[in-house]
Amino acid sequence: MASISLASNLLQQPTKSFKIQSKSSFYQPRVVSVSISRGFSSTPISLNPRETLLRVSAVAEETDVSTQDSSSPSARKLYVGNIPRTVNNEELEKLFAEHGAVEKVEVMYDKYSKRSRRFAFVTMKTSEDVAAAIEKMNESEIGGRQIKVNVTEKPLDTMDSPLQAAESKFIDSPYKVYVGNLAKTVTSDILSKFFSEKGQVLSAKVSTVPGTSKSSGFGFVSFSSDEDVETAISSFNDALLEGQKIRVNKA
């Protein structure tokens, strides 16, 4: 609620009021009340009718900031989780286009293995498209998997978890190997200790399903030299780790 009070010691007029309606981001009318009253002020203000309308318009514009916010890309960006690894940008765009105008689609891929991380971001063109996409697509099935669709705030908060913080500590290097077919019980520490038997390990990490502690079944180990990489591949490819044969090759 915003109000403007115009005081004058020259005018002896009764108080007048009127209302202005402006739209919020959810398209609900917002009422701005403007009162003109007589009285005394240490800094009297005298406005002619044209100036009064300009001041009132400025107040109405100030109350409509949320509408501007809703039009920003971040407010129209959806998180889409648990998608099949085979779904690409074009296929996902077609699915969401059935329920509104799509501006951008980004399926997220692991930079090492190049495999889909099973989640994506879809930016819709309007807030109405966002609402329709969530209503129609959330908990629907794609390729036999029930997907999650919601605004980005919650998934992004989840992604800033201790799990991701730990993953960010991974020391990358030009000398690293990809380790596949990992048992679910293998942790980054276990992986590091296992490969340290045959070389100088700089860092190791087991990739997890975004937002969870579940292993994705693969990981990476970085070394200080190319010789260590070759030794790791020749020594550990098809070796048993936690009861499963692992695959080791250059990343």
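Attention in this report is confined to the structure presented alongside it. All values reported here derive from a predicted model rather than from experimental measurement.

**Let's talk about the environment of valine 221**
Moving on, step 1. Mapped onto the secondary structure, valine 221 falls in strand S11 (residues 215-223).
Moving on, step 2. On the basis of relative accessibility, which here comes to 0%, the residue valine 221 falls in the buried class.
Moving on, step 3. Setting aside anything within four residues of it in sequence, one finds valine 221 in contact with Tyr175, Lys176, Val177, Val179, Leu191, Phe195, Val201, Ser203 and Ala204.

**Points about the nonpolar core**
Moving on, step 1. Counting residues in hydrophobic clusters, the biggest one holds 20 residues, and the most contacted among them are Val179, Leu191, Phe195, Val221 and Ile246.
Moving on, step 2. At the level of elements, strand S9 (176-180), helix H7 (188-195), strand S10 (201-208), S11 and helix H8 (226-236) are the ones that each hand at least two residues to this core.
Moving on, step 3. Sequence-distant contacts of phenylalanine 195, that is, excluding residues within four places in its chain, are made with Val177, Val179, Val201, Val221, Phe223, Ala232, Phe236, Ile246 and Val248.
Moving on, step 4. Counting 18 residues, the second largest nonpolar core, distinct from the first, contains Val87, Val122, Ala133 and Val149.

**Side note on the side chain of lysine 176**
Moving on, step 1. As for its position among the elements, lysine 176 is in strand S9.
Moving on, step 2. At 3.1 Å, the side chain of lysine 176 forms a polar contact with the backbone oxygen of serine 173.
Moving on, step 3. For lysine 176, the contacting residues outside a window of four places in its chain are Tyr112, Val221, Ser222, Val229, Lys250 and Ala251.

**Considering helix H4 (residues 127-137)**
Moving on, step 1. Every buried residue of H4 is accounted for by Asp129, Val130, Ala133 and Met137. For H4, the angular spread of buried residues about the axis comes to 105°, placing them on one side.
Moving on, step 2. The inward-facing, buried residues of H4 abut strand S3 (77-81), helix H3 (89-97), strand S5 (116-124), strand S6 (141-142) and strand S8 (148-151).
Moving on, step 3. The positive-phi residue at the C-terminal boundary of H4 is glutamate 139, with phi of around 65°.

**Topic: the pattern of salt bridges**
Moving on, step 1. Following the criterion strictly, the structure yields five salt bridges and no others.
Moving on, step 2. Of the charged contacts, one joins glutamate 139 and lysine 148 as a salt bridge, the two residues approaching to 3.6 Å between their closest N and O atoms.
Moving on, step 3. Since its relative accessible area comes to 46%, glutamate 139 is described here as partly exposed.
Moving on, step 4. Overall, lysine 148 belongs to the partly exposed group, its relative accessible area being 36%.

**Thoughts on the sheet that holds S3**
Moving on, step 1. With antiparallel pairing, four strands are arranged side by side in an open sheet as S4-S5-S3-S8. Of all the strands in the sheet, just strand S4 (102-109) and S8 have a single pairing partner and so form its edges. For this sheet the average axis-to-axis angle between neighbouring strands, irrespective of direction, equals 20°.
Moving on, step 2. Bridge analysis of S3 against S5 gives five bridges, and the strand direction is antiparallel. Within S5, the residue paired with tyrosine 79 across the bridge is phenylalanine 121.
Moving on, step 3. Sitting on the sheet, H3 touches S3, S4, S5 and S8, and the angle it makes with S4 is about 140°.
Moving on, step 4. Taken strand by strand, H4 contacts S3, S5 and S8, and its axis lies near 155° from that of S8.

**Examining the sheet that holds strand S14 (residues 247-250)**
Moving on, step 1. Taken in spatial order, the four strands of this open sheet run S10-S11-S9-S14, and their pairing is antiparallel. The open sheet has two edge strands with one neighbour each: S10 and S14. Looking at each pair of strands side by side, their axes are set apart by 20° on average, direction ignored.
Moving on, step 2. Of the pairings in the sheet, the one linking S9 to S14 comprises four bridges and is antiparallel in character. Its bridge partner lying in S14, tyrosine 178 is registered against asparagine 249.
Moving on, step 3. Its contacts with the sheet place H7 against S9, S10, S11 and S14, and it is angled at close to 140° to S10.
Moving on, step 4. Along the sheet, H8 contacts S9, S11 and S14; its crossing angle with S14, the most-contacted strand, is approximately 155°.

**A closer look at the pairing of S4**
Moving on, step 1. In terms of strand pairing, S4 meets S5 through six bridges, oriented antiparallel. Bridging across to S5, lysine 104 finds its partner in threonine 123.
Moving on, step 2. Hairpin connection of S4 to S5: six residues between the antiparallel strands, including lysine 114 at a positive phi of 65°.

**Some words on H8**
Moving on, step 1. What H8 keeps buried is the set Asp228, Val229, Ala232 and Phe236. Angular distribution of buried residues about the axis of H8 spans 105°; they occupy a single face of the element. Residues of H8 that are exposed and angled more than 90 degrees away from the buried face: Glu227 and Ser234.
Moving on, step 2. On its buried face, H8 sits against S9, H7, S11 and S14.

Reading guide: rules and limits
Residues numbered from 1 in each chain as written. Predicted model: local features only at pLDDT ≥ 70, side-chain atom pairs only at ≥ 80, totals over all residues. Heavy atoms only, no water. Helix = DSSP H or I, 4+ residues; strand = E, 2+ residues; numbered from the N terminus. Buried < 20%, exposed > 50% of the residue type's maximum accessible area, 1.4 Å probe, protein only. Contact = heavy atoms within 4.5 Å. Core = buried A, V, L, I, M, F, W, Y, C linked by side-chain atoms within 4.5 Å. Polar contact = N/O pair within 3.5 Å; in protein donor to acceptor, adjacent residues only side chain to side chain. Arc of directions from axis to C-beta. Salt bridge = Lys/Arg side-chain N within 4 Å of Asp/Glu carboxyl O. Pairing = 2+ DSSP bridges. Axes fitted to C-alpha atoms, helices over the stretch in contact; angles between N-to-C directions.

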